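For reference, the chains in residue letters:
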Amino acid sequence: MNEIGNDEVVAALQVIIDTFGEHIEPHAIALVTQLSTAFKNYVGAGEDDDDAAMAAAQCLECINTVLKGMCERPEMYRTMEPHLIPLILQILGNDGEYLEYVEFALDALTFLTYFPPQISPQLWDAFPLLYNAFDKWAFDYLMLMTPPLNNFIAKDPNHFLNATAN
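Residues numbered from 1 in each chain as written. Predicted model: local features only at pLDDT ≥ 70, side-chain atom pairs only at ≥ 80, totals over all residues. Heavy atoms only, no water.

1. Description of the confidence of the model for the protein
Moving on, step 1. Here the protein averages 88 in pLDDT, while 92% of its residues score no lower than 70.
Moving on, step 2. Confidence, expressed as mean pLDDT per element, reaches its minimum in the protein at helix H1 (residues 7-19) with 73 and its maximum at helix H5 (residues 102-114) with 97. (pLDDT = per-residue confidence, 0-100. Helix = DSSP H or I, 4+ residues; strand = E, 2+ residues; numbered from the N terminus.)

2. What to know about the packing of aromatic side chains
Moving on, step 1. A full pass over the atoms with the stated rule returns nine aromatic pairs.
Moving on, step 2. Ring geometry for Phe111 versus Phe115: centroids 6.1 Å apart, planes at 20°, classification stacked.
Moving on, step 3. With relative accessibility at 15%, the residue Phe111 sits in the buried group.
Moving on, step 4. Ring geometry for Tyr114 versus Phe115: centroids 4.8 Å apart, planes at 85°, classification edge-to-face.
Moving on, step 5. Of the aromatic side chains, those joined through ring pairs into one cluster are Tyr77, Phe111, Tyr114 and Phe115.
Moving on, step 6. Taking NZ or CZ as reference, Lys155 lies 6.0 Å from the ring centre of Tyr114, over its face. (Phe/Tyr/Trp six-rings, centres within 6.5 Å; stacked < 30°, edge-to-face > 60°. Buried < 20%, exposed > 50% of the residue type's maximum accessible area, 1.4 Å probe, protein only. Lys NZ or Arg CZ within 6 Å of the ring centre and 35° of its normal.)

3. Topic: the pattern of salt bridges
Moving on, step 1. Under the counting rule described, the total for this entry stands at three salt bridges.
Moving on, step 2. Between Glu81 and Arg78 there is a salt bridge; the shortest N-O distance is 3.3 Å. Linking Glu81 with Arg78, this pair stays in helix H4 (residues 75-92), spanning three residues, or about one helical turn.
Moving on, step 3. On the basis of relative accessibility, which here comes to 34%, the residue Arg78 falls in the partly exposed class.
Moving on, step 4. Within this structure, Glu25, Arg73 and Glu75 form a network of salt bridges that share partners. (Salt bridge = Lys/Arg side-chain N within 4 Å of Asp/Glu carboxyl O.)

As structure tokens, this is what we get:
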């Protein structure tokens, strides 16, 4: 996994995860860690590198496939959050600079807000970014924003009310 070199390798990994998803659990944290690192590297390649942008998107797609495979083990999400929350915050918090990755970030945010029994304080940092993204540059993604927004409000209405009052 340390040798991810191009989008074809990431695409092949996606097929493997799709096919053997139920057996991915022991490797889920390592996969998410490596895919998160690979995403950061690909995004760092610059705007002009289309292959890197495609590979970055495929990294996020693989991460979401791993998250989908962990639905029956919600406690696993908490251990993946340190790798995923920075990616989500980066994508949602840069005034549309990472627009091509918003759909993947919102899917990951939906998994992280729906399956664990509680929403972590770190994950609440994404809530105001969702609002700002919708208000300023990502209004076309309202349908994908609705599930995590609903999860934030339904799982911790007191935190929502206190945060919005301040």
